[in-house]
Amino acid sequence: MYPVWQHWLREHRPPLLVLWGRNDPFFLPAGAEAYRRDVPDAEVHLFDTGHFALEECAPEIAPLIADFLDRLARPVRCG
């Protein structure tokens, strides 16, 4: 299903926050960086942790999520 997902990302280019454990034995850092090929404006953060980055680095990650969501919620001003 990866090709379908990658096509959707390229076509729609949604706001994208990628939070990744650089020491994950299953999902390597190159996988995180690959999102930028499909969504050039993707915000990618690598953490010195493994597969459970959200659980192990919550104090560092939570503010990034909050900031990302705050930016999405800001109204767009025209003119």
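Residues numbered from 1 in each chain as written. Predicted model: local features only at pLDDT ≥ 70, side-chain atom pairs only at ≥ 80, totals over all residues. Heavy atoms only, no water.

Some words on the overall build of the protein chain
Then, in step 1: Regarding its fold elements, the protein chain presents 4 helices and 2 strands.
Then, in step 2: Listing every helix and strand of the protein chain by position from the N terminus yields α-β-α-β-α-α.
Then, in step 3: Dimensions of the protein chain, computed from C-alpha atoms along their principal axes, come out at roughly 45 × 35 × 15 Å.
Then, in step 4: For the protein chain, restricting intrachain contacts to residue pairs at least 6 apart in sequence, the fraction spanning at least 24 positions comes to 62%.
Then, in step 5: Accessible area of the protein chain: about 5900 Å², with a carbon and sulfur share of 61%.
Then, in step 6: Treating the 8 positive side-chain charges of the protein chain as one cloud and the 12 negative ones as another, the clouds have centres 9 Å apart. (Helix = DSSP H or I, 4+ residues; strand = E, 2+ residues; numbered from the N terminus. Contact = heavy atoms within 4.5 Å. Areas by Shrake-Rupley, 256 points an atom, 1.4 Å probe, with all protein chains shown as cover. Lys, Arg positive; Asp, Glu negative; His and termini not counted. Charge placed at Lys NZ, Arg CZ, Asp CG, Glu CD.)

Details of the pairing of strand 1 (residues 17-21)
Then, in step 1: Across the 5 residues that make up strand 1, a large majority, 4, are buried.
Then, in step 2: Across 5 bridges, the pairing between strand 1 and strand 2 (residues 43-47) is parallel. Its bridge partner lying in strand 2, W20 is registered against L46.
Then, in step 3: Where the polypeptide runs from strand 1 across helix 2 (residues 29-38) and back to strand 2, its parallel neighbour, the crossover connection is right-handed. (Buried < 20%, exposed > 50% of the residue type's maximum accessible area, 1.4 Å probe, protein only. Pairing = 2+ DSSP bridges. Right-handed = clockwise from strand over helix to strand, strands pointing away.)

As for the packing of aromatic side chains
Then, in step 1: Using the criterion set out here, one finds 3 aromatic pairs in the structure.
Then, in step 2: A ring pair is formed by W5 and W8, whose centres lie 5.8 Å apart and whose planes are at 5 degrees; its orientation type is stacked. Placement of both W5 and W8 in helix 1 (residues 2-12) is noted, with a separation of 3 residues, approximately one turn of the helix.
Then, in step 3: With relative accessibility at 38%, the residue W5 sits in the partly exposed group. (Phe/Tyr/Trp six-rings, centres within 6.5 Å; stacked < 30°, edge-to-face > 60°.)

The quantities given are spatial measurements derived from coordinates; they are silent on function.
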